[in-house]
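Remarks on the overall topology
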Amino acid sequence: MYLEQTLKNYKIYRFIFSFSLLLSFGIFVVLSETIKTDYVSVPATILTIYAIASFFSLLLEKTTIIDFILDIVAISSFIFYDFDKLKFFSILYLFALFFAGFILKQVQAYIVAFLAFLLYTLMFIFIGTFQGLESIFNILLNGIAFTAITIAGVKLKEKIKSQEAYIEILEKEKKENELYKKLYRMAAELAHEIKNPLTSIKAAADLLSEGVYSPKLTEMIKTESERLNMLLKDFLMLSKPKKSSPKNIKVGETIKRILSTYRTSDKEVELNIKKEYEVFFDEKELVSALSNLIKNAFEWAKSKVKITVDGTKEFVIIIIEDDGPGIPKEDINKIFEPFYTKREGGTGLGLAIAKRVIVENNGYLFVDPNKKYGTRFVIQLPVKGKNEGTNR
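Residues numbered from 1 in each chain as written. Predicted model: local features only at pLDDT ≥ 70, side-chain atom pairs only at ≥ 80, totals over all residues. Heavy atoms only, no water.

A separate point is the pattern of salt bridges. Inspection of the entire model under this criterion finds 11 salt bridges. Measuring nitrogen to oxygen at the nearest pair gives 3.1 Å for the salt bridge that ties Arg376 to Glu321. One end of the pair, Arg376, is in strand 7 (residues 375–382); the other, Glu321, is in strand 5 (residues 315–322), and 55 residues separate them in sequence. When its relative accessible area of 9% is taken as the criterion, Glu321 is described as buried. A salt bridge links Asp368 to Arg376; the nearest nitrogen and oxygen atoms lie 2.7 Å apart. With a relative accessible area of 21%, Arg376 lands in the partly exposed category. (Salt bridge = Lys/Arg side-chain N within 4 Å of Asp/Glu carboxyl O. Helix = DSSP H or I, 4+ residues; strand = E, 2+ residues; numbered from the N terminus. Buried < 20%, exposed > 50% of the residue type's maximum accessible area, 1.4 Å probe, protein only.)

A few words on the packing of helix 9 (residues 251–262) against helix 10 (residues 283–300). The contact between helix 9 and helix 10 brings their axes to 10 Å, and the two run at 50°. When the axis of helix 9 is compared with that of helix 10, the two are oblique. The handedness of the crossing between helix 9 and helix 10 comes out as right-handed. Residues Thr254, Ile255, Arg257, Ile258, Leu259 and Tyr262 of helix 9 touch helix 10, and the partners they reach there are Glu283, Val287, Leu290, Ser291, Ile294, Lys295 and Phe298. (Axes fitted to C-alpha atoms, helices over the stretch in contact; angles between N-to-C directions. Parallel < 35°, antiparallel > 145°, perpendicular 65-115°, else oblique. Left-handed = near helix turned anticlockwise from the far one by under 90°. Contact = heavy atoms within 4.5 Å.)

Here we come to the packing of aromatic side chains. Tallied over the entire structure, the rule returns 9 aromatic pairs. Centre to centre, the rings of Tyr93 and Phe146 are 5.2 Å apart; their planes meet at 65°, and the pair counts as edge-to-face. In this pair, Tyr93 sits in helix 5 (residues 92–103) while Phe146 sits in helix 7 (residues 133–209), placing the two residues 53 residues apart along the sequence. Each member of the pair, Tyr93 as well as Phe146, carries the same accessibility label: buried. Three or more aromatic residues joined by ring pairs form one cluster here, namely Phe15, Phe19, Phe55 and Phe56. Cation over ring: Lys355 sits above Phe336, and NZ or CZ is 4.8 Å from the ring centre. (Phe/Tyr/Trp six-rings, centres within 6.5 Å; stacked < 30°, edge-to-face > 60°. Lys NZ or Arg CZ within 6 Å of the ring centre and 35° of its normal.)

It is worth spelling out the side chain of Thr375 at this point. Topologically, Thr375 is positioned in strand 7. Once residues within four sequence positions are removed from consideration, Thr375 is found in contact with Ile320, Glu321, Asp322, Gly326, Ile327 and Val367.

So, about the nonpolar core. By size, the foremost hydrophobic cluster in this structure holds 37 residues, and its most contacted members are Ile255, Leu293, Val316, Ile318, Ile379 and Leu381. Residue assignment for this core shows that the elements contributing at least two residues are helix 9, strand 3 (278–282), helix 10, strand 4 (304–311), strand 5, helix 11 (350–360), strand 6 (364–367) and strand 7. The leading source of residues in this core is helix 10, at 7 residues. Leaving out residues up to four positions away in the same chain, Ile255 has contacts with Leu271, Leu290, Ile294, Ile307, Val309 and Ile318. Counting residues in hydrophobic clusters, the runner-up holds 32 residues, among them Phe25, Ile75, Leu97 and Phe102. (Core = buried A, V, L, I, M, F, W, Y, C linked by side-chain atoms within 4.5 Å.)

Tracing the sequence through the fold places Leu22 in helix 1 (residues 2–31). The residues touching Leu22, leaving out its near neighbours within four places in the chain, are Ala44, Leu47 and Thr48.

So, about the environment of Trp300. Here Trp300 shows up in helix 10. The class for Trp300 is partly exposed, based on a relative accessible area of 32%. For the pair Trp300 and Thr375, spaced 75 residues apart in sequence, the C-alpha to C-alpha distance is 8.8 Å.

A few words on the packing of helix 3 (residues 65–80) against helix 6 (residues 106–126). As a packed pair, helix 3 and helix 6 sit with axes 10 Å apart at the nearest point and diverge in direction by 15°. In terms of their interaxial angle, helix 3 and helix 6 are classed as roughly parallel. Crossing of helix 3 against helix 6: the hand is right-handed. Touching Ile65, Phe68, Ile69, Ile72, Ser76, Ile79 and Phe80 of helix 3 are Gln108, Ile111, Val112, Leu115, Ala116, Leu119 and Met123, all from helix 6. A per-class count over the contact of helix 3 with helix 6 returns 12 nonpolar, 2 polar and no charged. (Nonpolar A, V, L, I, M, F, W, Y, C, P; charged D, E, K, R; others polar.)

Structure, rendered in structure tokens:
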């Protein structure tokens, strides 16, 4: 947020300000013909020390009231050297006071403003040339300016905080609305998927009740019941938390076992296991996730499925790709949504289940957008020991 960024950058602003002030004073002295060189040494030293202190304050992350007291004291010391000639530099107080109001707590900001006013007033009375009402008016005018600029900083901070809170509420509301839309769409899709087999079962049951018997009717009831059971089973796996029993599992062996189920004679399989990695995972969940992805690859592949297992010391990377038609760019962000499918007869739950299982085990699953032909799914999982001891 903007406010947090300002807090982080204030010390940088202050260093740039102090360096610019030193540079400006140097230019002022060079251009002025009335100021002697020996007169310059003390204010130049003060400004140099201030610039150096500002530089070293960059090493401290937190911005506190001490930073602003440093600003006020440095400006006051500079003006103190020759108040009558340098008092117009009191405008520099305004920059420090504005940021004090913007960054510090309200009470602290007003303390800094009072300190600036007090130091300026004392210098005006005891060092400057006091000229009655004119001097009093000058002091009051500066006091009003100091207060006004501090209040401006405080009010701006409050306004920005209010805007940021409002934006945060809107963002939260937007996310919740998107979630509700997905839930409504998922509920509608589930109802639709359940309705189809139920319609077939009811039609077959009606015919049987009328005395019309056919093996096809009983087979239809059996097939549609199994389809309905599989749908509900997949949906429960997607939506209902399960008690996991993680253990060390060899990824390569698991993939080979899954391939023996889905491998077909009309499609070539290229399996490249560079090293036998182990992950700490619930075996049923891992098999379910990989099975859905491998099954998907075989269903869409034209002639070849390629599976690569590689990794690092921390992660195992599994790449499952096919030479099928690929996924349109506009669909890439939708494929992991429940019930989203373009395959006839598919429930659209397989990829959603795989995504959930992998994400809940501190892994990542995504589609490689750089593949020109076919589809490439990339899975990244923590190797053995990364999840051990976690409560899941």
